[in-house]
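Coordinate analysis (summary)
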Amino acid sequence: MANLNLDHLTTFRMVISRGSFSGAADALGLSQPAVSLQIRQLEQTLQVRLIERTSRGIRPTPAGLTFSEHCIKIDSVINTAIESVSLHSDDITGTVTVGMGATACIHLLPPVLQQLRQAHPLLKVDVRTGNTSDIVRSVEENRIDIGLVTLPANGKCLRVSPLGTDEFVVIMEKDAPDQSVKPLSPDALLSLPLIVFEPGSGTRALIDEWFHNAGLTVSPMMELGSIEAIKKMVRCGLGYSIVPRMSVANIDERQGLSLYSVTPSLHRTLGTVMREDRIVSRGMSVILKRLQAGFAKDEIS
């Protein structure tokens, strides 16, 4: 009977998902030769070709497609086994990987992690940051257990659960001339220098859509990937930004800034995403409950 290496199964599924050895190598943090070697070893173990190269890249063979379906079942059985064994322990243990945007990571996650460490010291939480599309893809590929993203989240076989809404506000330098029109409209803001999130994030898409719905196309002066970098640029008087209220909820976080509401109002809905076939472990369950409680406590909605 063939002895299968579980790491090789993960690599095989990643190659199929990414459509290339190099893409799988980047996602797994391996070298491309290491990925190729694992696939060769897996094929040698099974004594069948799983992947073939074409002029357009790589694709699974018929045997590879069949084996990919079994890999999904194997992964599900392993997760079930781990969870079943953990039920015999009074302590919640294991590792749960959570992915979210940088803003939520900075302003929502720290108190949640602090509470989890105090209540469940043996539970390890790994955190990954990225934009919505990156997080959703990682959830699909089983590299992230729980994603906290801006909805809607489009993906295959996902379980999506909304948490609540977060209002957007305009921030400007504290000493900037006071805006006579409140709340601020897209027309009132169009001529001002905009500092905004980089393309690819769910937040940026909502801001672009807000201007587009007013028949306007905005040309940002700066596109940054960090909410803290955006706020610092605005404090220096280099421009204004439109940010989630979550990022300026505390007095310290909005120091040196003036806040203005917008019209029409602009909100984002945050929610969790998981694979539909994912077994929800006790560790995942307590994290989901803490995220829900932390969101409600901040009264973002």
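In this report, the structure presented in the accompanying data block is examined. Bear in mind that the values here come from a model prediction, so they are computed numbers and not experimental data. (Residues numbered from 1 in each chain as written. Predicted model: local features only at pLDDT ≥ 70, side-chain atom pairs only at ≥ 80, totals over all residues. Heavy atoms only, no water.)

1. Regarding the pairing of strand 6 (residues 158–173)
For clarity, the threshold we go by: Between any two strands, pairing holds if DSSP finds at least two bridges. Secondary structure elements are taken from DSSP: a helix is a run of H or I of four residues or more, a strand is a run of E of two residues or more, and numbering for both begins at the N terminus.
As judged from the nine bridges shared by strand 6 and strand 11 (residues 267–275), these two strands associate in the antiparallel manner. Across the sheet, the residue bridging to E167 is H267, located in strand 11. As judged from the four bridges shared by strand 6 and strand 9 (residues 241–244), these two strands associate in the antiparallel manner. Its bridge partner being in strand 9, F168 is matched across the sheet by P244.

2. A look at unusual backbone geometry
For the bond from L151 to P152, the omega torsion is 10°, close enough to zero to count as cis. Cis geometry marks the peptide bond from T263 to P264; its omega dihedral reads -5°. Among the secondary structure elements, P264 is positioned in the loop between strand 10 (257–260) and strand 11. Of note in this structure, Q47 is not a glycine but carries a positive phi near 60°. Of note, Q47 is situated in the loop between helix 3 (32–46) and strand 1 (51–54).

3. Re helix 3
Test applied: An expected span of 1.5 Å times one less than the residue number is assigned to each helix. Relative accessible area decides the class of each residue, using a 1.4 Å probe on protein chains only: under 20% of the type maximum gives buried, over 50% gives exposed, and in between gives partly exposed. Directions from the helix axis toward the C-beta atoms define the arc.
Helix length check: helix 3 (15 residues) gives 21 Å between terminal C-alpha atoms against 21 Å at 1.5 Å per residue, within 8%. Taken residue by residue, helix 3 has V35, S36, Q38, I39, L42 and E43 as its buried positions. The arc that holds the buried residues of helix 3, viewed along the axis, is 160°, so those residues lie on one side. Facing away from the buried side of helix 3 by over 90 degrees, the exposed positions are P33 and Q44.

4. Looking at the nonpolar core
In plain terms, the rule: Side-chain atoms within 4.5 Å are what join buried Ala, Val, Leu, Ile, Met, Phe, Trp, Tyr and Cys residues into a set we call a nonpolar core. Note on contacts: a residue pair is in contact if any heavy atoms of the two residues lie within 4.5 Å.
With 29 residues, the main nonpolar core has V170, L189, I207, F211, Y240 and I242 as its most contacted residues. Broken down by element, the residue count for this core peaks at five residues, all from strand 6. Look past the residues within four positions of I207 in its chain and what remains in contact with it is F168, V196, F197, I242 and L266. Among the nonpolar cores identified, the runner-up in size contains 21 residues, and V98, L108, L270 and I287 belong to it.

Keep in mind that these numbers describe shape and distance, not what the molecule does.
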